[in-house]
Structure formats: C-alpha cells, structure tokens
Amino acid sequence: MNQASIASLISRRTLLKNWSAGAIGLMLIGGKLPSILAADESRLLVHSKAPMNAEPPLPDLVRSWITPVESFFIRSHGNTPEINADSFRLTVEGLVETPQALSLAELGRFEQHAVTATLTCAGNRRSEHSRLKPVKGVQWREGAIGNAKWRGARLSDLLKKAGVRESAKHVWFEGLDSVEDGGKTFAFGGSIPLEKALLDRDVAPGALLATMMNDKPLTADHGFPVRTVVPGYIGARSVKWLSKIVVSDRPSPNHFVADVYKLVDEGTLLEVAENAPIYRMPLNSAICSPMAGAALKPGRIEVAGYALPSGVPGVSIRKVEVSADQGRSWAEAKLTSMASEFCWQLWTAEIAVNSTTKELIVRAIDSRGDVQPETVRWNAKGYLFNAWHHVPVN
Ligand SMILES: Nc1nc2c(c(=O)[nH]1)N[C@H]1C(S)=C(S)[C@@H](COP(=O)(O)O)O[C@H]1N2
Ligand SMILES: [Mo]
C-alpha cells in the first residue's frame, strides 16, 4: 500500500465517521497489518493487540500540548497485567540499608510531585528506518510519542528512605507483566544510572514513580497502579506496572537492558555484549499535518508538528525549520508551546507550495546549536531514528 492510500484510509473524516457512529472500523497500519479500531474511546491505530501496540493518527497528536490519554501511544511487550491495588506492594531492595515494601497508601504519603514530560519509544519512526533497509519490530510511524502530566513520588525520596549504600551505581526497575521471548517468560525490566535517579531539577525529578497521568489514575495500558517516568530517556526505561526497585552496582541484567535497547549493526551476541544500553533520546522533530500523500493546493499552507529536545539537562528546542524545496530554503516555524528540556514543543509554519513541490521537510535546532541530522546511520533494531522528516505531498 502506498503512502497516499494510507493517508486517505486514515483521513480525519473516515476516523470521525467510524468513531462517532460508534462503529468498529477496520484500520490498516503500516500497509500490512489489518486491525480493529475500537470505536468508543480509543483514538489509536493498532499495530498489534497482544501485546498492545498502538499510536495515534498524526494530526490528532499535535492538537494539544498535553496528549489526552485516548491519543497516547501504547507500547507493551507482553500482557497488560491485572493488579489488585489493595494487596499491591512496591519493593525496594539491593544495595540499601532498609529494604522497603510499600503499599499504594504508603507511596501516597511521600511528597507528591506533578511533572510534565514527554515519553517516546526508542522505536518511534522505525517505519522510516525500515525504508533504508528493513528492520524487524513494530513499524512505528511518527506517533510513538506523547506528552503528559504525571504525578507521584520522586524516586530519589524513596531511595533516601531506603538509604542507598556507597557502592550503588544503578537503579533497576521491574514490572508485573510477563514477556515471552526466546522460549522464556519473564518480567519487563529497565534500569537507569543512580546519578540520573538522584538528579532532581526544578522542571522534573530524575525519575518519578507516577500513579497519575493527566490528573487521573494510570490506565491499565499505561501501567496501573504505578510506573516510572524517566524524563529525557527512551520510553523503555519508564517501566509500567512497577513492582520492584533494585539498587545495584551495575545495570540490570534484564533482557531489555542487557540485550535489546542497544545500537548495533547486525545484532550478533558479540556486538550486543560490546555495546552499552541506550538511555537518552536524540533531538528530533516530525511533521504531523499535512499527512503523507496529502493533495495540496498551490499557495500558502499551514504545516504543524512536534520537536523533541535531547533530554540533556538545560537544553531545549531553539528553532524549527520547514522546507518545501528539498532543503534549498527554510522557513522558520512558530513554536506554539513553551521551551522545556524534557517536553516536546509543538510548532506551526506557513510555507508556500506550488506544482513542483514534492515533499515537506522539517528539522529542529536546539539551544546549544545542535542541528537534527539530515540522515542517520542504519542500525539493526531501528532505534533512535531522528533524520530530517520528509513528508511526500501531491
Ligand atoms: N512493564 C513494562 N513496562 C514498559 C514496557 C513494557 O512492555 N512492560 N514498554 C516500555 C516501552 S518500550 C515504552 S516506549 C513505554 C511505553 O509507555 P506507554 O505504553 O505508556 O506509552 O513503556 C515502557 N515500559
Ligand atoms: Mo519503547
């Protein structure tokens, strides 16, 4: 299926018709996977249902700076566990003076912090990556990203209560889901350096143990009853259905730290062993409207999208530029939301198109002068795709 037919398939009108009629629409994504779009509340295009992997149509994504839960991508590697909130305990163990087993009520007695932060999957834009050379995995378009207001206790406060020993260097997280991989079943896990866990800044703590998303309890898909949110890091470090925190002198041995989220050429065991886990997301931007394949009338059009800073403390987006002539000239976009080091910024741009316009391109520049790269090097798992975003138009 070509870009134009995908675009028309998920045109606003089709979507609205399906949703408002309360019908179940058959949606195609990535040109291959037929899937059912539940018509009621979800506004997501489904890549797979078990495990649940879904992303919003791009024009939906930039309608508001805070992404409504219905439009927030879902990326799960295993089942969505059912958790009894009453018997639930979050344990803190490993290199600590006083191991903890905290109920939700006890977690609620830590000082609660509200933090707005963008969460994005390391595999966001993988479908573009696959155009360089096919990559396995969920063929995400540009929608595996969302910005939410999270609320909960700071990880650093729990660690202070438990008393971190001097030899500690990393903090592991483990979820209550079961992931099947290579004939084994295990929980999803992540880990972050202790420095990040303790780096609380005014705009955001190093990591939050979120129980609320956009002023409501987390939904099951997003990690009820508690998840980590690690601002600036790949989504995989924000572990959902969090039940265990382990303080250690090394990164977690969990498959998703030790083997999966790494930049490798071929993915041989040697290469995987030689490379470090990915933590931060790179500078990125994407055009969300018009969508690929849109038919444009000659004249001035409005382009809209998002830009994501690199998660480096103190660095935010400075400028976003759009081109309608293959990068020969660039129009500066208007940033329509505030600059923040851990949040995306939305932008709009007006640009002239004519009958020779083949595509629109966007690139972002951050406050330390880094420019989003024109191209990126292919990697075997299709992570961190952040080349200039090209959108073919007619
Ligand atoms: N327990 C658990 N946590 C998880 C995952 C998972 O499969 N299991 N997926 C991770 C990945 S890869 C991403 S990108 C984010 C997605 O969060 P969301 O589904 O709330 O958007 O959750 C992360 N946390
Ligand atoms: Mo992810």
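Residues numbered from 1 in each chain as written. Chains lettered and ligands numbered in written order. Predicted model: local features only at pLDDT ≥ 70, side-chain atom pairs only at ≥ 80, totals over all residues. Heavy atoms only, no water.

1. Here's the deal with the pairing of strand β3 (residues 45-49)
The sheet contact formed by β3 and strand β4 (residues 52-55) spans four bridges and is antiparallel. Residue pairing for β4: L45 is matched across the bridge by E55. Hairpin connection of β3 to β4: two residues between the antiparallel strands. (Pairing = 2+ DSSP bridges. Helix = DSSP H or I, 4+ residues; strand = E, 2+ residues; numbered from the N terminus.)

2. Notes on the site of ligand 1
Taken together, 19 residues lie around ligand 1, and F73, D177, H222, R227 and K240 are the ones closest in. Contact between ligand 1 and S238: a nitrogen atom at 2.9 Å from a main-chain N or O atom of the residue. Side-chain polar atom of K240 to an oxygen atom of ligand 1: 2.6 Å apart, as the coordinates give it. In the complex, the protein chains occlude 100% of the 540 Å² of accessible area that ligand 1 would expose alone. Here ligand 1 occupies the largest cavity. Classifying every residue of the shell around ligand 1 by side-chain character gives 10 nonpolar, five polar and four charged. (Near = heavy atom within 4 Å. Polar contact = N/O pair within 3.5 Å; in protein donor to acceptor, adjacent residues only side chain to side chain. Areas by Shrake-Rupley, 256 points an atom, 1.4 Å probe, with all protein chains shown as cover. 1 Å grid on protein atoms, 1.4 Å probe; cavity = no way out; pocket = protein on both sides within 12 Å on 5 of 7 lines; lining within 4 Å. Sits in = over half its atoms within 2 Å of the grid points. Nonpolar A, V, L, I, M, F, W, Y, C, P; charged D, E, K, R; others polar.)

3. So, the pattern of salt bridges
Per the stated rule, a full pass over the model turns up 15 salt bridges. With its nearest N and O atoms 3.5 Å apart, the salt bridge here joins D200 to R154. Of this pair, D200 sits in the loop between α7 (194-198) and β14 (208-213) while R154 sits in strand β9 (residues 145-154), placing them 46 residues apart in sequence. Linking D249 and R250 is a salt bridge whose minimum nitrogen-to-oxygen distance equals 2.8 Å. Take D249: its relative accessible area is 36%, and that puts it in the partly exposed class. Taken together, the shared-partner salt bridges in this structure form one network comprising R154, D157, K160 and D200. (Salt bridge = Lys/Arg side-chain N within 4 Å of Asp/Glu carboxyl O. Buried < 20%, exposed > 50% of the residue type's maximum accessible area, 1.4 Å probe, protein only.)

4. Some details on empty space enclosed by the protein
In the structure shown here, the tally under the stated rule is two cavities of 30 Å³ or more. Its boundaries defined by the atoms lining it, the largest cavity holds a volume of some 240 Å³. Residue lining of the largest cavity: 21 residues in total, with R75, R227, G235, S238 and K240 positioned closest to the centre. Contributions of two or more residues to the lining of the largest cavity are made by β5 (74-75) and β8 (112-120). When grouped by side-chain class, the residues that make up the lining of the largest cavity number 11 nonpolar, six polar and four charged. Lining the second largest cavity are T118, T120, G232, Y233, M281, L308, P309, S310, G311, E341, F342 and C343. Broken down by class, the residue content of the lining of the second largest cavity amounts to six nonpolar, five polar and one charged. No fewer than three residues from each of domain 1 (29-274) and domain 2 (284-392) sit in the lining of the second largest cavity. (Points joined across faces, edges and corners; volume = space filled by probe spheres on them. Domains from an automatic or database assignment.)

5. Here we look at the nonpolar core
One recurring pattern in soluble globular proteins is that nonpolar side chains are buried together. Residues L155, L158, V171, F173, I192, L209 and I245 are the most contacted members of the largest nonpolar core, which totals 53 residues. In terms of residue count, the dominant contributor to this core is helix α6 (residues 155-162) (four residues). In this structure, this core is formed jointly by two domains, domain 1 (29-274) and domain 2 (284-392), each of which donates at least three residues. Not counting the four nearest positions on each side in its chain, F173 is found in contact with L155, F188, G189, G190, I192, T228, V230, R237, V239, L242, K244 and I245. (Core = buried A, V, L, I, M, F, W, Y, C linked by side-chain atoms within 4.5 Å. Contact = heavy atoms within 4.5 Å.)

6. Digging into the packing of aromatic side chains
Counting across every chain of the model gives 10 aromatic pairs. Considering the side-chain rings of Y233 and Y279, the 5.6 Å spacing of their centres and the 40 degrees angle between planes classify their relative orientation as tilted. Here Y233 is found in the loop between β16 (227-229) and β17 (242-248), whereas its partner Y279 is found in the loop between α9 (269-274) and β18 (284-289), with 46 residues between them in sequence. Note on accessibility: Y233 and Y279 belong to one class, buried. Grouping aromatic residues by their ring pairs yields a cluster made of F186, F188, F256, Y261 and Y383. When the ring centre of W378 is taken as origin, the NZ or CZ atom of K133, which lies over that ring, is 4.0 Å away. (Phe/Tyr/Trp six-rings, centres within 6.5 Å; stacked < 30°, edge-to-face > 60°. Lys NZ or Arg CZ within 6 Å of the ring centre and 35° of its normal.)

7. Quick notes on the confidence of the model for the protein
A residue-level look at the protein finds 89% of positions with pLDDT of 70 or above and a mean pLDDT of 90. This stretch, residues 1-40, has a pLDDT under 50; its non-local contacts, to residues over four places away or in other chains, come to 72 contacts. (pLDDT = per-residue confidence, 0-100.)

8. Brief notes about α6
Buried residues dominate α6, accounting for six of its eight residues. Within α6 the residues assigned to the buried category are L155, S156, D157, L158, L159 and A162. Positive backbone phi, at 80 degrees, marks G163, one or two positions downstream of α6.

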